[in-house]
Amino acid sequence: LYHDDDLWNLTDRPLVARRVTPTTWSDAGAGFTGQFELESLGTIKGEAFVINGLTDGFSASTGGLRDARGSRESDSNNDKAFAGRLALAPSTNHEFAISGYNGNYDTHGNAITGIAFDSRNSIADFTLITELAQFNLDDGFNSAGSNAPDTIKGILVELGYQFWLDTLNSTFLGEDFENPRFILTARYNSASVERSAGDLDEDSYVAGLAWRPLTQFVVKTEYQWNSGELERKDADGFMTSVALGF
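Residues numbered from 1 in each chain as written. Predicted model: local features only at pLDDT ≥ 70, side-chain atom pairs only at ≥ 80, totals over all residues. Heavy atoms only, no water.

Colleague: Any chance you could explain the environment of Thr-221 here in plain terms?
Modeller: With respect to the helices and strands, the residue Thr-221 is situated in strand E10 (residues 217-228). A sequence separation of 88 residues divides Thr-221 from Ala-133, and the C-alpha atoms of the two residues are 27 Å apart. Among all residues touching Thr-221, those that are not within four sequence positions of it are Ala-207, Gly-208, Leu-209, Met-239 and Thr-240. (Helix = DSSP H or I, 4+ residues; strand = E, 2+ residues; numbered from the N terminus. Contact = heavy atoms within 4.5 Å.)

In structure tokens:
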């Protein structure tokens, strides 16, 4: 839901969104979205889609689902996949959801089944984002061989705090903007790929500061501490970016 760069206060998308759920993920299909109000609970949101689904193009080096994204031009597995999400929003500042996925990834009838939980909660100047996702794959004969994972899972916990210093109102950081703000962000995220060719894991801790003079414009800088075998491996360092939404 929040894959666009201007919506994040950190440059890197979390591992669960890069190696577990293969965002940015688009596919050909059809579906429904909707919502309704329950006076005692809040807003119920739902979406359900039938799509072409994933392929057996698992990466030999990272093993995640990102390289298994399908084509919008043809169906590679002679089957259709189902994806859906059901969310409860007691108020505009709180949302809790469960998502599911099921479909074949090759022409031999081997399937991927996934489940995810996510939440977003804002209290005063704090925002807490959590996500937990896991995909299980059939381990029968498949054309992907040892590159096909048995299980892929990941977790994200991200806490943000927004603030502003009035002493900056007369500087270029604040004088021309109605509601500028800084956001301090701390993130823990990890991903794990279990497969016969060897398990792959990675943990990442991130601390960052973002400047938002406008809601759709953000300048970000962060420092990462990484360990594992998936992407950044044991490389630590700074990352900076600018994003504009329109």
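Colleague: Whenever I open this one, the pattern of salt bridges confuses me. Can you help?
Modeller: It is possible for side chains of opposite charge to pair when their charged atoms get near one another. Per the stated rule, a full pass over the model turns up 11 salt bridges. Linking Arg-232 and Asp-12 is a salt bridge whose minimum nitrogen-to-oxygen distance equals 2.7 Å. Highlighted residues: Arg-232 in the loop between E10 and strand E11 (237-244) and Asp-12 in the segment before helix H1 (15-20), separated in sequence by 220 residues. Classification of Arg-232 as partly exposed rests on a relative accessible area of 31%. Classification of Asp-12 by relative accessible area gives buried; the value is 11%. Note that Arg-19 and Asp-67 form a salt bridge whose closest N and O atoms lie 3.8 Å from each other. With Arg-19 in helix H1 and Asp-67 in the loop between strand E2 (42-51) and strand E3 (81-91), the pair connects residues that are 48 residues apart, well separated along the chain. Judged by its relative accessible area of 11%, Arg-19 is buried. Taking relative accessible area as the criterion, Asp-67 reaches 42% and is therefore assigned partly exposed. Overlapping salt bridges bring together Asp-12, Arg-18, Arg-19, Asp-67, Glu-231 and Arg-232 as one network. (Salt bridge = Lys/Arg side-chain N within 4 Å of Asp/Glu carboxyl O. Buried < 20%, exposed > 50% of the residue type's maximum accessible area, 1.4 Å probe, protein only.)

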